[in-house]
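Residue-level listing of the chains:
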Amino acid sequence: MEDKLQRDYPMSLATSLGVGGPAEYFFRPSSAADIQWALSFADERNLPVTTIGYGTNLLVRDGGIRGLVIQLADSIAHADVHDTIITATCGCLYGSISKLAAHHSLSGLEYAVGIPGGLGGALFMNAGAYDGEIGPLVREVHWVTASDSGIWYAPDYTYSYRYSKLQETPVIVTKTVLELRHGDQTTIYEKMNDLQDQRRCRQPLEYPSAGSTFKRPKGHFVGPLIEEAQLKGFTIGGAQISEKHCGFIVNRGGATASDVLRLIEHIQTTIQTKFSVELQPEVRIIGLP
Ligand SMILES: Cc1cc2nc3c(=O)[nH]c(=O)nc-3n(C[C@H](O)[C@H](O)[C@H](O)COP(=O)(O)OP(=O)(O)OC[C@H]3O[C@@H](n4cnc5c(N)ncnc54)[C@H](O)[C@@H]3O)c2cc1C
């Protein structure tokens, strides 16, 4: 199994923003047994473990990540549908599960069609868009650690806007069970197409990014606030406030994590000074400076 471990793996290759230093060890499991092997490997060597999915909500600092990064992505992706229940491993793409639901005339996941990343990240972030989020659909969350494993049933998986209890609990989520409802397939596809069109129109999908940089502060929208502060297109190094949607920071080529972090700080300070609004990053910032 050790031959599947990669040393000094550039996290810029494992994140949609395309920045970040190397992971000391990097591993892509293909099975539950692989995950257990990786956790034992790290445990025996006292290495910290970082779990990631598709890296679409991550900003990894330029110093990289010490210890072992376990990536649950397409090497461990499998889903089943029974009546209104979808059981899926966390490597499944969120958007693919939305399409799978539509294929079976199941409604409830239309909003997720254009959200990149996997189910593990979606559960961690309680990812959502427009009128939906994953939290209310969750019936089971299966998790493991080096020494334990378990299942949270619906009320035990607590969540709120872009928050879930996973952010406080160091476990690896391996599988989830979601409950949807029967719907009219034509209506489901119409809604999905409409939401996809809105994304293509409004979001800077032509450049690498990590999605919305900041959470939505109460009573405000981030993009318009940043635009009103005259920061549209403001650039530090290779990192730019998108000219299409100010809520996104895009990598215009050759950005470093330090460029992005400096830009984040500049936005936060400007918005605080001009509007007395505190912006909290939605993007998860990890790794060594
Ligand atoms: C263009 C673009 C548009 C986006 N639009 C949206 C949107 O509309 N709505 C929205 O909510 N998000 C959006 N995002 C952000 C992102 O796609 C979501 O947060 C997504 O759910 C993250 O999934 P991921 O697999 O990429 O997670 P990652 O970025 O790899 O990880 C995110 C966090 O989850 C943790 N994690 C991941 N997998 C596991 C696991 N199996 N067990 C335990 N912890 C885990 C990681 O440690 C990390 O802290 C967008 C991103 C981009 C680039």
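Here the residue numbering is sequential within each chain, running from 1 through the sequence in written order. The predicted origin of the model limits local features to residues at a pLDDT of at least 70 and limits the giving and counting of side-chain atom pairs to 80 or more, whereas totals for whole chains, interfaces and linings rest on all residues.

**Quick look at the environment of Thr50**
Consideration 1: Numbering of helices and strands starts at the N terminus; helices are DSSP runs of H or I of at least 4 residues and strands are runs of E of at least 2. Mapped onto the elements, Thr50 comes out in strand 3 (residues 49-52).
Consideration 2: Residues Thr50 and Arg199, spaced 149 residues apart in sequence, show a C-alpha to C-alpha distance of 30 Å.
Consideration 3: C-beta atoms are placed from the backbone for every residue, and two residues are taken to be in contact when these atoms lie within 7 Å. Beyond its immediate sequence surroundings of up to four residues, Thr50 is in contact with Ile65, Gly67, Val69 and Ile286.

**Describing the site of the ligand**
Consideration 1: By definition, a residue lies near a molecule or strand provided its backbone-derived C-beta atom is within 6 Å of it. The immediate surroundings of the ligand are formed by 33 residues, with Gly53, Gly117, Gly120, Gly121 and Gly211 found nearest.
Consideration 2: For the shell around the ligand, the elements supplying multiple residues, two or more each, are strand 3, helix 3 (119-125), strand 9 (128-129), strand 15 (172-179) and strand 17 (209-212).
Consideration 3: Looking at which element gives the most residues to the shell around the ligand, the answer is helix 3, with five residues.
Consideration 4: Of the residues belonging to the shell around the ligand, the class tally is 18 nonpolar, 14 polar and one charged. Residues were grouped as follows: Ala, Val, Leu, Ile, Met, Phe, Trp, Tyr, Cys and Pro as nonpolar; Asp, Glu, Lys and Arg as charged; and all remaining residues, including Gly, as polar.

**A closer look at the pairing of strand 7 (residues 85-89)**
Consideration 1: Two strands qualify as a pair provided that DSSP identifies no fewer than 2 bridges between them. Alignment of strand 6 (residues 79-82) against strand 7, held across four bridges, turns out to be antiparallel. Of the residues in strand 7, the one forming a bridge with Val81 is Ile86.
Consideration 2: Counted between consecutive antiparallel strands, the loop separating strand 6 from strand 7 contains two residues, among which Asp83 sits at a positive phi close to 55°.

**Let's talk about the sheet that holds strand 18 (residues 235-236)**
Consideration 1: The four strands are arranged 17-20-19-18 in an open sheet whose pairing can be described as antiparallel. Both outer strands of the open sheet, strand 17 and strand 18, are each paired with one neighbouring strand and no more.
Consideration 2: Sheet topology places strand 19 (residues 239-241) next to strand 20 (residues 248-251); three bridges connect them, and they run antiparallel. The partner of Ala239 across the bridge, within strand 20, is Asn251.
Consideration 3: Axis lines are fitted to C-alpha atoms, over the contacting stretch for helices. Their N-to-C directions set the angle, which ranges from 0 to 180 degrees. Each of strand 18, strand 19 and strand 20 touches helix 6 (residues 257-275); the most contacted strand, strand 19, lies at about 30° to it.

**What about the domain arrangement of the chain?**
Consideration 1: Start and end positions for the domains come from either an automated domain assignment or a database one. Domain boundaries assigned for the chain yield domain 1 (2-73), domain 2 (77-188) and domain 3 (205-286).
Consideration 2: The straight-line distance from the C-alpha centre of domain 2 to that of domain 3 is 28 Å.

**Quick notes on unusual backbone geometry**
Consideration 1: A positive phi is found at Asn126, a non-glycine position, where the angle reads about 45°.
Consideration 2: Residue placement: Asn126 occurs in the loop between helix 3 and strand 9.
Consideration 3: Overall, Asn126 belongs to the buried group, with 22 C-beta atoms counted inside 10 Å. Field definition: a residue is buried when 20 or more other C-beta atoms are found within 10 Å of its C-beta, exposed when 12 or fewer are, and partly exposed for counts in between, with C-beta atoms placed from the backbone.

**Some words on the nonpolar core**
Consideration 1: By size, the foremost hydrophobic cluster in this structure holds 82 residues, and its most contacted members are Ile70, Ile97 and Val260.
Consideration 2: Among the elements that take part in this core, helix 6 stands out by supplying seven residues, more than any other.
Consideration 3: Excluding residues within four positions of it along the chain, Ile70 makes contact with Phe27, Pro29, Ile35, Ala38, Val49, Thr51 and Ile172. Joining buried Ala, Val, Leu, Ile, Met, Phe, Trp, Tyr and Cys residues through C-beta atoms within 7 Å gives a set, and that set is a nonpolar core.

**Focus on the environment of Thr89**
Consideration 1: Note that Thr89 resides in strand 7.
Consideration 2: Along the sequence, Thr89 and Ile285 sit 196 residues apart, while their C-alpha atoms lie 25 Å from each other.
Consideration 3: Residue contacts for Thr89: discarding those within four places in its chain leaves Ile76, Ala77, His78, Thr174 and Lys175.

**Here we look at the sheet that holds strand 5 (residues 65-71)**
Consideration 1: The strand order across the open sheet built from four strands is 1-2-5-3, with neighbouring strands paired in mixed fashion. Each having just a single partner strand, strand 1 (6-10) and strand 3 make up the two edges of the open sheet. Here the strands of the sheet are splayed against their neighbours by 45° on average, with no regard to which way each runs.
Consideration 2: Where strand 2 (residues 22-27) lies against strand 5, four bridges are found, and the strand directions are parallel. Opposite Tyr25, over in strand 5, you have Leu68 as the bridge partner.
Consideration 3: Packed on one face of the sheet, helix 1 (residues 32-44) meets strand 2, strand 3 and strand 5 and runs near 170° to strand 5.

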